Amino acid sequence: MPNVPKQLPNDIDALKALVAEQDVRNTQLDQENARLGAKVLSLQEQLNLALARRYAASSEKLSPDQIRLFNEAEVEAQGEPVEDEAVTVPEHSRKKRGRKKLPDAIPRVDVVHELSAEDQVCPHDGASLTEIGEVVSEQMDETPVQVLKEPDKRAQSKSYLWLQRGGPPDQPVVLYDYDPGRGAGVPLRLLEGFRGYLQTDGYDGYNAAVASNGLVHMGCMAHARRKFSDAVKAQ
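Residues numbered from 1 in each chain as written. Predicted model: local features only at pLDDT ≥ 70, side-chain atom pairs only at ≥ 80, totals over all residues. Heavy atoms only, no water.

1. Observations concerning the pattern of salt bridges
Between side chains of opposite charge, a pair can form as their charged atoms come close. Tallied over the full model, the rule gives three salt bridges. Where arginine 35 meets glutamate 32, a salt bridge forms, and the shortest distance between an N and an O atom there is 2.7 Å. One end of the pair is arginine 35 and the other is glutamate 32, both in helix α1 (residues 12-55) and three residues apart, which spans about a single turn. Among the residues examined, arginine 35 registers a relative accessible area of 45% and is labelled partly exposed. (Salt bridge = Lys/Arg side-chain N within 4 Å of Asp/Glu carboxyl O. Helix = DSSP H or I, 4+ residues; strand = E, 2+ residues; numbered from the N terminus. Buried < 20%, exposed > 50% of the residue type's maximum accessible area, 1.4 Å probe, protein only.)

Right, here's the structure in full:
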């Protein structure tokens, strides 16, 4: 579109046409400026987020007012947040870091892995073996485990414990299921005949069961929190 001529015309109609032309151009320039401004802001946020992911701490802690959105038992149970526990030692104090303890209200099911009777005997001298220690851990999602002597699988490969929680609020039920894999066929089997609302993490393997049973798929609050955390870092 041509620029404003150095000498304006004397004709009134020509002046009106020139003003209208410039008004259209100004509108176009305003729109282009807004588009470029939004693009610059978007690129700046992407840069901020990339720098935060590369150099900043990976913590997803937000302000107390925001984090209340995600203060659910399910989030607390997964043990992701890391809390600082003050420990006093002689002459100085330091902070002990570790995973947050699972809430006491969550039901526990003891799974004890014991050796068979034949494996409790030393293969060299035949003496009975004695327990010299134990490792205790708490684990409440589709936790990977190693299974010895499983058909067609190496002992180092991963198998899974699938956790389901449901039932009335005053009588919750927690179920554990074992499966050698975590393919989409497992949720189809575990959720066969189930109707209603299903809350899961972002694993795509649940989509087939959701579509097959006509379920209402609820999002995982921990994943939603991550988006809020990314938004804060991007700003």
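2. Digging into the confidence of the model for the protein
Confidence in the prediction for the protein averages 79 pLDDT; 77% of positions are at 70 or higher. Mean pLDDT values over the elements of the protein span from 49, in helix α3 (residues 73-77), up to 93, in helix α5 (residues 207-213). (pLDDT = per-residue confidence, 0-100.)

3. Some points on a nonpolar patch on the surface
Taken together, the side chains of Leu47, Leu51 and Tyr55 make up a nonpolar region of the molecular surface, amounting to roughly 340 Å² of accessible area. In this fold, leucine 51 is placed in helix α1. On the basis of relative accessibility, which here comes to 42%, the residue leucine 51 falls in the partly exposed class. (Patch = residues over 30% accessible without salt bridge, like charges linked within 9 Å, V, L, I, M, F, W, Y side chains within 5 Å. Areas by Shrake-Rupley, 256 points an atom, 1.4 Å probe, with all protein chains shown as cover.)

4. Description of the pairing of strand β4 (residues 159-166)
Strand direction decides the pairing type here: β4 and strand β5 (residues 173-179), joined by seven bridges, are antiparallel. Within β5, the position partnered with tryptophan 162 by the bridge is aspartate 177. What sits between the antiparallel neighbours β4 and β5 is a turn of six residues, in which glycine 167 has the positive phi angle 95 degrees. (Pairing = 2+ DSSP bridges.)

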